[in-house]
Amino acid sequence: MAPQRLTEYERKRLENIKRNDELLASLKIHSKLADLSASAKRQRLQIKSYRVSPEKKVKPETPIVIRRSLRTQGKEPDSATIPKSLVIPKKPPHELVPISMADANTCSESDQVLVEKILSVCRMKDGDSDGGYAKKGIGLRVRGSIDLESMELAPENIARVVAGRILSVKFFPSADMRMVVVGDKFGNVGFWNVDSENEDGDGIHTYQPHSAPVSGILIHPFCMNKIITSCYDGLIRLLDIEKEIFGLAYSTDDSIFSMSQRPDDMNSTYFGEGNGVLCIWDERSGKTSLSWNLHESRINTIDFNSENTNTMATCSSDGTACIWDLRKLSKRKPESLKLVAHKRAVHSAFFSPSGSLLATTSLDDTIGLVSGENYEDELMINHNNRTGRWLSTFRGVWGWDDSYMFVGNMKRGVDVISTATEEMRVVSTLESPHMSAIPCRFDPHPLNPGMLAGTTAGGQVYIWTSSS
DNA sequence: CTTGCAGTTATGCAC
DNA sequence: GTGCATCCACTGCAAG
């Protein structure tokens, strides 16, 4: 970092950090305070939209903080040994309180355009009773086969939505508009209304309700004006579009690495916290009711079997993916129905649309497929999943039936893996000259088969569509 | 069990 | 097109 390039603000900040470091080192309590000072360093940056004024851009150097409690570090909370004047509040006040959309807004677009758009779709849903779910005749997610050959990436379906590496992506579960929400490593949450040509602006709205990587996004299928985000900063926020507030739902000292919702119980949010703990947060009581220690390391994904919502799959950096029966999950010694062992960290484990298959993606360069009446059969194929430090890890996701999975590849393509005829292999790769970066995280549109969102380390979103 | 550290890499921008 | 700065991610091992 060349000193002459630093802004006044940055220079002062670095000086402060250096001074604090020296002071702390001299007191030999640096290691104890490291986490605390790091969280104090965390502060919201005014990342102006890169597209508004690139020449005035502020370096996005929000510190990434992995929260870890003293307890999990095996340390006593002995603040008595730390001079009072040096005790930095663990959580800066602005993180404890709700943030209004206006305060979190980091773009030049007005909140009102986004709010109106989302509320108008919610109203359509009310009039339609369920916004198309009945029309399609199926529950929360439409199933159907698609013609892979017809999938294409149109240039107008590409946008840079946020500044940083994207970790989470979710389509609005509406057939009436195409809107995606993404979360990046700086804590930005970006909305992209893909069909905004006739409306104001470019359809991109960005907010920064978090201070670290956004690990999960959930949108209630029947109540789209409530959007939940989870973050490495240890917070779960509930965005209420009507009130225009990113509320604070839950707060912990540990990082939250994953989040999911039971398809049949939208009031319960399941999330993975710290080194392997699964918690349930209840929206009505506003509390976490239950928690289990399911893994020895971070839980990377949580997923539910759509046909039997008591069946849940988790995967972890401890090298395993597990299937659990929630009705038989003992607090003391949780036992899994099935354990899939990989040689290295497992970064996703998702049930197929029918629920009869489970796909795992691991850093051991394999993709696993679990099948059978009681998930007793395992199949593994080789797939390069070494994404390195700059990219989000790959996660194989299911399409709109049990026949295909999609997973990123290191050559700027989307590998399509067929599970048909028990012969699991890459049958084709979605490629496009418009795809200038590697897509890592995906979301298939829940109501439009053939519409697949892929996201990159540069904050880009690609929306593949199918004409069939 | 904790700490330390090497190894793995792509992207956007300036030129 | 090519070179360069990114750096604070995360894993997995080795040593204490």
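Residues numbered from 1 in each chain as written. Chains lettered and ligands numbered in written order. Predicted model: local features only at pLDDT ≥ 70, side-chain atom pairs only at ≥ 80, totals over all residues. Heavy atoms only, no water.

As annotated in an unreviewed UniProt entry, chain A carries the name WD repeat-containing protein 76 and comes from Cynara cardunculus var. scolymus. In its Sequence similarities (unreviewed entry) section, UniProt records this for chain A: "Belongs to the WD repeat DDB2/WDR76 family." Taken directly from UniProt, the Function (unreviewed entry) text for chain A runs: "Specifically binds 5-hydroxymethylcytosine (5hmC), suggesting that it acts as a specific reader of 5hmC." (UniProt positions renumbered as here; feature names shortened; annotations may be inferred.)

Draft legend 1. Molecular detail of the UniProt feature "repeat: WD" (unreviewed entry) in chain A. When the UniProt feature table is mapped to this numbering, "repeat: WD" (unreviewed entry) covers residues 292–327. The span residues 292–327 shows a helical share of 0% and a strand share of 56%, and its end C-alpha atoms are spaced 13 Å apart. (Helix = DSSP H or I, 4+ residues; strand = E, 2+ residues; numbered from the N terminus.)

Draft legend 2. Representation of the pairing of strand S29 (residues 460–466) within the structure. In terms of residue burial, S29 counts as a mostly covered element, since 7 of its 7 residues are buried. Burial of the side chains of S29 extends over both faces: Gln460, Tyr462, Trp464 and Ser466 are buried on one face and Val461, Ile463 and Thr465 on the other. Here strand S2 (residues 151–160) pairs with S29 via 6 bridges, running antiparallel. Following the sheet pairing, Met151 is matched in S29 by Ser466. Across 4 bridges, the pairing between strand S28 (residues 452–455) and S29 is antiparallel. Bridging across to S29, Leu452 finds its partner in Trp464. Hairpin connection of S28 to S29: 4 residues between the antiparallel strands, including Gly459 at a positive phi of 85°. (Buried < 20%, exposed > 50% of the residue type's maximum accessible area, 1.4 Å probe, protein only. Pairing = 2+ DSSP bridges.)

Draft legend 3. Representation of the sheet that holds strand S26 (residues 425–430) in the model. An order of S23-S24-S25-S26 is seen for the 4 strands of this open sheet, with the pairing classed as antiparallel. The outermost strands of the open sheet, each flanked by one partner alone, are strand S23 (397–398) and S26. As defined by bridge partners, S23 adjoins strand S24 (residues 404–409) across 2 bridges and the pair is classed as antiparallel. Looking at S24, one finds that Trp398 is bridged to Met405.

Draft legend 4. Looking closely at the side chain of His210. Positionally, His210 belongs in the loop between strand S6 (204–207) and strand S7 (214–220). Residue classification places His210 among the buried residues on the basis of a relative accessible area of 2%. Engagement of the side chain of His210 in a polar contact is seen with the side chain of Asp233, the distance being 3.2 Å. (Polar contact = N/O pair within 3.5 Å; in protein donor to acceptor, adjacent residues only side chain to side chain.)

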